[in-house]
Amino acid sequence: MERRYRTGSGEVRALRGVTAGFGSGVITAVIGPSGSGKSSLLRLVAGMDRPTSGAVWVGGVRVDRATGRARRRLRRRVVGYVFQRSSDNFFPHLTIREHLDLVTRGRASERALDLVRSLGIEGRLDHRAAELSGGEQQRAAFAVAASSGARLLVADEPTAQLDDESSEELMHRVRDLPAQGVTVIVATHDPLVRAAAGAVVELDHGMLATDRGRPSFARPSRAAVGTIAVHTAPQEPTALLLRVDGLRKSFRRGGELVRAVDGAGLTLSAFELVALTGRSGAGKSTLLQLLAGWEEPDGGRIRWTAGSPGALRTWSELAIVPQQLGLLEELTVRENVEFPLRLGPGLDPAAVQDLLDALGLEALAERYPPEISVGEQQRAALARALVLSPAVLLADEPSGHQDVGWAAGVFGAIRDAAADGSGCLVATHDPSVRRFADRRLEMHDGRLAAGEG
C-alpha cells in the first residue's frame, strides 16, 4: 500500500509499500518518529482517505474502491476516530453532553456516563470544547468516540496532552475495549500506550521499520550525543526578567466559577529554564496566556524588567510556542522560521539554518505546514520562537507530539536558549524535562508550589 500527496511544494510519499494487519479485538500501537506516516496510516484505516495504490480492507469494505458515500457509512457505523489535535474532535457550538447524545442517538447509556466519570470530566458535560483545557478535550474526545458503539476505535496520539495520572486513567479504559469486541489502533509516542498494546506496527519514513532494516527511533539528534544534558552555571549574576505576584484569573462556566489561576507567584531569570508541571486543567495554559498578554488578569501583578505593564512586546523580548502553534499555512517551514526576522532587525540566514538543522527540519524547509506532521510543525513553531534569541520564551507543551528522541531534542534546544541568556518557562507533562530544567513549579487547581525533583 502507498499513499502520496500532491502539494504546493511537490509530492510527499507518506507511505511506501506498507503491508500490515490489525487483529480483531486487539490493541495495536502504531509507532515511529514524527513524520513517519502514522497519521496517514490511521486515516486510511478509518476510511478518511484512499491509498494511492494497494488495497485497504476495513470491516468487509474495500476502502480503496469504496465510493465517498460508502466510506461515510463506514465511518458512521464502524469507526470511531480521535483526531490528534484535540479541538478537531468537536463542533464548536455543541456541549460535550450534546456530542454524546449525537453519537448515541440521544440515548447516552450508563456505560457512557460511567466512562465520562472515570475520566474525570463529568463536571464538564455541559460545557463547549473551547471552555475545556487541552487535556480535558482529549479525554472528552475519547469518551465520545468510545461511546459511539464503533467496532473499530482509531486514536491519533490520545495521551499527548495528558499528565501521567490522566494517561493511566484513559489507558485503563482503552484496555477494557477489546473485551467488548472493539479493535483499537493507536498512533503514539507514549511508552504507556505501547505497553498496553497486544501488537505493534513500527513505521520509519513511510515504510515498515523492518523493511528498512533499522529501528524507527535510530536517528541523529543532539540529545543522542549528550551535548545538551550538562548544566553549567552562568558566569555572571543572572538578571531577573519577570516577577509575578498574586496573579488571579477566573472564568464563568454556566453557574460555576472556575479559578483557573489563584494567587500565583513566580520569578524568571536569564539563563534559566523553569518547568511548569501539573495535571490537565490545573491552569498552566491560562497562566502562560496571562503572561503573554493574551488574557487580562482579575488581580495580581506581572512585572517585566523593561517596558510598562501590558506593553506590546517584540519577538526579541517575548516569544511564545502555543499549543495551537499558529504557523502561517501560506508560508513554507523556512519562511515561518524567518518570519520574526522579517518583522524586526533583518534576516540572519545562519540563525535560521542552525535551528532548522538542530530541530530536524532542513529536509522539510520548503514544505508548507499542512504537508508535514504535527510533531514537525511543533518543532517549526519552536524554531520560529527561538530565532531571535528572545529574552523570555513561553512554551506550552512543546514536546507533546514528539517521540522520546525528539522530546529530548526539543528540550535540548530550549536548554541551549537558556544557556545563551533566555529565561524559559515551559508548561509540560513530559517527565524528561527534569533532565534539563533548573527548577520545577507544580500547579494544582490554579495554585503554584515548588515541585520535587
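Higher on the page you've got the structure.
As the structure is a computational prediction, the values presented were derived from the model and not from experiment.

1. A word on the overall build of the chain
When helices and strands are tallied, the chain shows 13 helices and 19 strands. When each of the 453 residues of the chain is scored for burial, the buried share is 53%. Accessible surface computed for the chain: about 19900 Å², of which carbon and sulfur atoms make up 49%.

2. What to know about the sheet that holds strand β17 (residues 423-427)
Taken in spatial order, the six strands of this open sheet run β15-β16-β17-β13-β18-β19, and their pairing is mixed. In this open sheet, the two strands that pair with only one neighbour each are β15 (318-321) and β19 (447-450). Each strand axis lies, on average, 20 degrees off the axis of its neighbour in the sheet, ignoring direction. Relative to β17, strand β13 (residues 272-277) runs parallel, the two sharing five bridges. Its bridge partner being in β17, Leu 273 is matched across the sheet by Cys 424.

3. Focus: the environment of Asp 262
Examined against the element boundaries, Asp 262 turns out to sit in strand β12 (residues 256-269). C-alpha separation for the pair Asp 262 and Asp 445, spaced 183 residues apart in sequence, amounts to 7.6 Å.

4. What to know about the sheet that holds strand β6 (residues 79-82)
One open sheet accounts for six strands, arranged β6-β7-β8-β3-β9-β10; its pairing is mixed. For this open sheet the edge positions go to β6 and β10 (207-208), each flanked by a neighbour on one side alone. Two strands pair when backbone bridges link them, and strand β3 (residues 27-31) and strand β8 (residues 183-187) are joined in this way by four bridges, in the parallel orientation. By the bridge assignment, Val 30 is partnered in β8 with Ala 187.

5. Looking at helix α2 (residues 68-77)
Within α2, burial applies to Ala 70, Arg 71 and Leu 74. Looking straight down α2, one finds that the buried residues subtend no more than 100 degrees of arc, so they occupy a single side. Among the exposed residues of α2, those pointing more than 90 degrees away from its buried face are Arg 69 and Arg 76. Those residues of α2 that are buried lie in contact with β4 (57-58), β5 (61-62) and β6.

6. Some thoughts on the nonpolar core
Core analysis: the largest hydrophobic core is formed by 40 residues, its most contacted members being Leu 273, Leu 361, Leu 382, Val 387, Leu 393 and Ile 414. Mapped onto this core, the elements with two or more residues apiece are β13, β15, α10 (333-343), α11 (349-358), α12 (374-386), β16 (392-396), α13 (404-419) and β17. The element that contributes the greatest number of residues to this core is α13, accounting for seven residues. Look past the residues within four positions of Leu 273 in its chain and what remains in contact with it is Phe 411, Ile 414, Arg 415, Ala 418, Cys 424, Val 426, Phe 436, Ala 437, Asp 438 and Arg 439. Listed in part, the 33 residues of the second largest apolar core include Ala 143, Ala 145, Val 184 and Ala 197.

7. As for the pattern of salt bridges
A complete count under the given rule lists 21 salt bridges for this structure. For the salt bridge of Arg 13 with Glu 2, the shortest nitrogen-to-oxygen distance reads 3.4 Å. Residue Arg 13 is located in strand β2 (residues 10-15), and its partner Glu 2 is located in the segment before β1 (3-7); the two are separated by 11 residues in the primary sequence. One connected set of salt bridges, linked through shared partners, spans Asp 163, Glu 165, Glu 169 and Arg 279.

8. Observations concerning unusual backbone geometry
Residue Glu 157 is not a glycine yet carries a positive backbone phi of 55 degrees. One can find Glu 157 in the loop between β7 (152-156) and α6 (164-176). Under the relative-accessibility criterion, Glu 157 is labelled buried at 3%. Phi is positive for Asp 445, which is not a glycine, with a value near 50 degrees. Structurally, Asp 445 is set in the loop between β18 (439-444) and β19.

Cut-offs and rules
Residues numbered from 1 in each chain as written. Predicted model: local features only at pLDDT ≥ 70, side-chain atom pairs only at ≥ 80, totals over all residues. Heavy atoms only, no water. Helix = DSSP H or I, 4+ residues; strand = E, 2+ residues; numbered from the N terminus. Buried < 20%, exposed > 50% of the residue type's maximum accessible area, 1.4 Å probe, protein only. Areas by Shrake-Rupley, 256 points an atom, 1.4 Å probe, with all protein chains shown as cover. Pairing = 2+ DSSP bridges. Axes fitted to C-alpha atoms, helices over the stretch in contact; angles between N-to-C directions. Arc of directions from axis to C-beta. Contact = heavy atoms within 4.5 Å. Core = buried A, V, L, I, M, F, W, Y, C linked by side-chain atoms within 4.5 Å. Salt bridge = Lys/Arg side-chain N within 4 Å of Asp/Glu carboxyl O.

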